[in-house]
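# Examination of the molecular architecture
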Amino acid sequence: QAKLAGKNRYFLFDTAQARYMREHHQSVEHIRVALDGDEFVLHYQPKVNMRTGDVIGVEALIRWQHPEQGLLAPANFLPIIEEHRLAIELGNWVIESALIQILDWQQSGLTLPVSVNIAARHLRQPDFATQLAKLLAKYPSVAPAMLELEVLETSTLGDLAQVSKTLEECRVLGVALSLDDFGTGYSSLTYLKRLPTNIIKVDQSFIRDILEDPEDLAILDGVLSLAKAFGRQVIAEGVETLAHGDSLLRMGCDLAQGYGIARPMPAADIPSWITHWQPAPQWAKIRRLNRNE
Ligand code: C2E
Ligand code: MG
Ligand code: MG
Ligand code: MG
């Protein structure tokens, strides 16, 4: 070591950049160990039809049950592995865990579609659909339509042709596809046109302010019209209060997900949540204001 240091004029390993790289590498390594040690878990957030009271599915959201730091949200660890192969391994773990969960619920008499979030790095793999087909084949009693892939508009950046080809292959496999965080990308309308996604998830940033902000309400109205023209379903994300639900129903958006309905929860809590949940009584009476449905 000393000899090496003596030869080199710069102590590269002492610079901030080197330290950053070393720590970064360590945290990637921590995540790998955590994956091998089974420290990740999926929580599930219900998605409902506010008008009919049906629970239409759940979204799987990853958490890290960290031995010292407790339950960590994805923002604490997904960015670290964004550009690593590990993102693909973790993504496959998420897909397989969701399939196992669907099967588990199915065997207890509960038919519940599950959506999973797909990282850009994962989706850009040319063999993504082939790997997905292999996972689906491992669980032949799970219908592919029970699985939904949530794709971010931004995953397609730079490679729209490749990603739309992959999504087309996934569509052929029979899985459902949704465009997540819709409206936050640079050219949402292009994605809507080019990607074979049957569901649009309107980003929570547009939903949050619909009660006060006429512009966000207008955006939502536009998205609903477009979705109708394109034959897509719309689901509102980040529905935090019953009043948001009222407003969405008036606009003609019946499908919703958000803390105002349910927070993400462990899989074990889902069946009893479904048994007990009831839509707000006023929701059944709300008339649609416009042509959208
Ligand atoms: P997302 O897919 O848009 O998921 C919705 C996020 O908003 C979740 O945060 C959820 O807990 C939160 N949320 C739900 N309802 C409300 C609400 O009413 N108000 C507010 N303020 N937030 C709400 P979470 O679980 O922290 O996940 C954040 C993001 O991390 C997700 O955004 C998704 O992009 C990503 N993510 C989560 N799980 C996975 C995964 O398994 N794989 C990949 N690649 N990404 C994941
Ligand atoms: Mg999502
Ligand atoms: Mg989203
Ligand atoms: Mg998001």
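In this report, we go over the structure that sits alongside the text.

What counts as what
- For every chain, the first residue of the written sequence is number 1, and numbering continues from 1 onward in sequence order.
- To label them, take the chains in the order written and letter them from A, then take the ligands in the order written and number them from 1.
- Where local features are concerned, this predicted model is filtered to residues with pLDDT of at least 70; where side-chain atom pairs are given and counted, the filter is 80 or more; whole-chain, interface and lining totals use all residues.
- For side-chain calculations, the full set of non-hydrogen atoms in the structure is used, while hydrogens and water are omitted.
- Between the rings of Phe, Tyr and Trp (Trp by its six-membered ring), a pair exists once the centres lie within 6.5 Å; its type follows the angle of the planes, with under 30 degrees stacked, over 60 edge-to-face, and the other angles tilted.
- Elements are defined by DSSP. Helices are runs of H or I of four residues or more, strands are runs of E of two residues or more, and each kind is numbered from the N terminus.
- Categorising residues by exposure relies on relative accessible area from a 1.4 Å probe, with only protein chains included: less than 20% of the type maximum marks a residue as buried, more than 50% marks it as exposed, and the intermediate range marks it as partly exposed.
- Two thresholds decide whether a charge sits over a ring: the Lys NZ or Arg CZ must be within 6 Å of the ring centre and within 35 degrees of the ring normal.
- Consider each residue's heavy atoms; a residue with any of them within 4 Å of a molecule or strand counts as near.
- Polar contacts here mean pairs of N or O atoms no more than 3.5 Å apart (in protein, one a potential hydrogen donor and the other a potential acceptor; neighbouring residues in sequence count only if both atoms are side-chain atoms).
- Methods summary: accessible areas were calculated by the Shrake-Rupley approach with a probe of 1.4 Å, and residue burial reflects only the protein chains presented.
- As defined here, a cavity is a set of points on a 1 Å grid over the protein atoms alone where a 1.4 Å probe fits but cannot get out. A pocket is an open set with protein on both sides within 12 Å along at least five of seven lines, and residues line them when an atom is within 4 Å of a point.
- Criterion for pocket placement: a molecule counts as inside a cavity or pocket if more than half of its atoms are within 2 Å of its grid points.
- Water is not part of the atom set, so a site may look incomplete; the donors themselves are N, O and S atoms within 2.8 Å of the metal, or 3.2 Å for Na, K and Ca.
- For helices, the axis comes from a line fit to the C-alpha atoms of the stretch in contact; other axes are also lines fit to C-alpha atoms, and the angle between any two N-to-C directions lies between 0 and 180 degrees.
- Oblique is the label for any angle not covered by the other classes, which are roughly parallel (under 35 degrees), roughly antiparallel (over 145) and roughly perpendicular (65 to 115).
- Here is the rule for handedness: rotate from the far helix to the near one, and if that takes an anticlockwise turn smaller than a right angle the crossing is left-handed, while a clockwise turn gives right-handed.
- Any pair of residues with heavy atoms lying within 4.5 Å of one another is described as a contacting pair.
- Three residue categories are used. Nonpolar comprises Ala, Val, Leu, Ile, Met, Phe, Trp, Tyr, Cys and Pro, charged comprises Asp, Glu, Lys and Arg, and polar comprises the others, including Gly.

Before going further, it helps to spend a moment on the packing of aromatic side chains. Across all of its chains, the model carries 6 aromatic pairs by this definition. Between the aromatic rings of Phe40 and Phe77, the centroid separation amounts to 5.3 Å while the plane-to-plane angle is 50°, which identifies the pairing as tilted. Here the residue Phe40 occupies a position in strand E1 (residues 40–49), and Phe77 occupies one in the loop between strand E3 (70–72) and helix H3 (78–81), the gap between them amounting to 37 residues. Given a relative accessible area of 0%, Phe77 falls into the buried group. Three or more aromatic residues joined by ring pairs make a cluster, and in this case those are Phe40, Trp64, Phe77 and Trp93. The ring of Tyr259 carries the charged tip of Arg263 above its face, separated from the ring centre by 3.8 Å.

Within the structure, ligand 1 sits among 22 residues, and Arg63, Asn117, Asp180, Glu240 and Tyr259 are positioned closest to it. Between ligand 1 and Asn117, the relevant distance is 2.8 Å, taken from an oxygen atom to a side-chain nitrogen or oxygen of the residue. Gln204 places a polar side-chain atom, nitrogen or oxygen, 3.3 Å from an oxygen atom of ligand 1. For ligand 1, whose free accessible area comes to 800 Å², the fraction covered by protein is 80%. In this structure, ligand 1 is accommodated by the largest pocket.

Every protein donor of the magnesium ion (ligand 2) is accounted for by Glu59 (OE), Asn117 (OD1), Glu150 (OE) and Asp180 (OD), and the metal-donor separations fall at 2.0 to 2.2 Å. Of note, the donors binding the magnesium ion (ligand 2) are all from one chain and are spaced E-x57-N-x32-E-x29-D. Taken as a pair, the magnesium ion (ligand 2) and the magnesium ion (ligand 3) show a spacing of 4.0 Å, with Asp180 coordinating each metal. Highlighted residues: Asn117 in strand E4 (residues 114–118) and Glu150 in strand E5 (residues 147–152), separated in sequence by 33 residues.

Running from amino to carboxyl end, helix H10 (residues 214–230) crosses helix H11 (residues 242–251) at an angle of 45°, the nearest separation of the two axes being 11 Å. Classified by the angle between their axes, H10 and H11 sit oblique to one another. Here the hand of the crossing between H10 and H11 comes out right-handed. Together, Leu217, Leu220, Asp221 and Leu224 of H10 and Ser247, Leu248 and Met251 of H11 make up the contact between the two elements. A per-class count over the contact of H10 with H11 returns 5 nonpolar, 1 polar and 1 charged.

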